[in-house]
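Structural overview for review
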Amino acid sequence: MLNVSRRQSRQIELLTPAHHEAGHAVILVDGGISVESVQLFKSERGASRPYWGHVSTGLEVEECSRQQLEVCGVCAFAGAEAEAFYLMLVGFTQAEALDLAYSGAEDDLATLFREVLPRLRLQPEYLRSSAANAVHAQWPRIERIAAVLAVRMQVGPRDLG
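Each chain carries its own residue numbering, running from 1 in the direction its sequence is written. Note on the predicted model: pLDDT of at least 70 is required for a residue's local features to be given, and 80 or more for side-chain atom pairs to be given and counted; whole-chain, interface and lining totals, by contrast, use all residues. Where side-chain values are given, they derive from all heavy atoms of the structure, hydrogens and water being excluded.

With respect to the overall build of the protein
This is how the line gets drawn: Only DSSP runs of H or I with at least four residues qualify as helices, and only runs of E with at least two residues qualify as strands; both kinds are numbered from the N terminus onward. The globule rule used for comparison is 2.2 Å times the number of residues to the exponent 0.38, while the radius of gyration itself is calculated over C-alpha atoms. Each residue gets one of three labels from its accessible area relative to the maximum for its type: buried under 20%, exposed over 50%, partly exposed in between, using a 1.4 Å probe on protein chains only. Note on definitions: a residue-residue contact is assigned when non-hydrogen atoms from the two residues lie within 4.5 Å. Residue exposure ignores everything except the shown protein chains as possible cover, and the areas themselves are Shrake-Rupley values with a 1.4 Å probe. Positive: Lys, Arg. Negative: Asp, Glu. His and the chain ends are not part of the count. For this purpose, a charge sits on NZ of Lys, CZ of Arg, CG of Asp or CD of Glu.
On a plain count of helices and strands, the protein comes out with seven helices and three strands. Element order for the protein, N to C, with α for helix and β for strand: α-β-β-α-α-α-α-α-β-α. The C-alpha radius of gyration computed for the protein amounts to 15 Å, which stays within 12% of the reference 15 Å derived for 161 residues, consistent with globular compactness. On the principal axes, the C-alpha backbone points of the protein span a range of 45 × 35 × 30 Å. Residues counted as buried form 43% of the 161 residues belonging to the protein. Taking as baseline every contact in the protein between residues at least 6 positions apart, the subset at least 24 positions apart corresponds to 68%. A total of about 8,900 Å² of accessible surface is found on the protein, and carbon and sulfur atoms cover 50% of it. Separation between the mean location of the 15 positive side-chain charges and that of the 20 negative ones in the protein comes to 6 Å.

Details of the pattern of salt bridges
Rules: Take a side-chain nitrogen of Lys or Arg and a carboxyl oxygen of Asp or Glu: if they are within 4 Å of each other, that pair is a salt bridge.
Using the criterion set out here, one finds five salt bridges in the structure. In this structure, R128 engages E81 in a salt bridge whose closest nitrogen and oxygen atoms are separated by 3.1 Å. In this pair, R128 sits in helix α5 (residues 124–137) while E81 sits in helix α2 (residues 66–89), placing the two residues 47 residues apart along the sequence. When its relative accessible area of 26% is taken as the criterion, R128 is described as partly exposed. A relative accessible area of 10% means that E81 is categorised as buried.

Side note on α5
Put simply, the rule reads: Every helix has an expected span of 1.5 Å times one less than the residues it contains. Note that the arc is defined by the directions from the helix axis to the C-beta atoms.
End to end, α5 covers 20 Å across 14 residues, agreeing with the expected 20 Å (1.5 Å per residue, within 8%). Listing the buried residues of α5 in full gives L127, A131, A132 and V135. On an axial view of α5, the arc spanned by its buried residues comes to 140 degrees, and they lie on one face. Along α5, the residues that are exposed and aim more than 90 degrees away from the buried face are E125, N133 and A137.

Regarding unusual backbone geometry
Where the residue is not glycine, phi is negative for most of them; where a peptide bond is considered, it is trans in most cases. With a phi angle near 60 degrees, R121 is a residue other than glycine that sits in the positive phi range. For R121, a relative accessible area of 74% corresponds to the exposed category.

Spelled out as structure tokens, the structure:
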């Protein structure tokens, strides 16, 4: 594990979910899905993670086209992939980063498996690989949005362009 100061630890605790949510948002926007807002929230005392986030699209899965479903599938993995990439940049090993990132993506993946994959009929590994490639290709943009999100706790469509 990392040897970091208390201040660095707090910064990592905030920037980790910021990168996660920015990863979701960038993939959605690039896939042609409008994002209404991206928000970070402080967790209740004693929660396993000090911050959590949410991306609002107004999109209903039942009304999605196949193309939109595929974007949503890639998006579900993109949050964890962006989070893991950030954690590796601050010094976590790849195994530690992926473990932490995917343990924090349980809700994203539960929604994917429950609502998206049954209609999409694509292998999860295909979507995960696509997400990893997209996150790496869009990293400067994800990093910029995450930095703004960590300060303002919310970004909107104008920030995502």
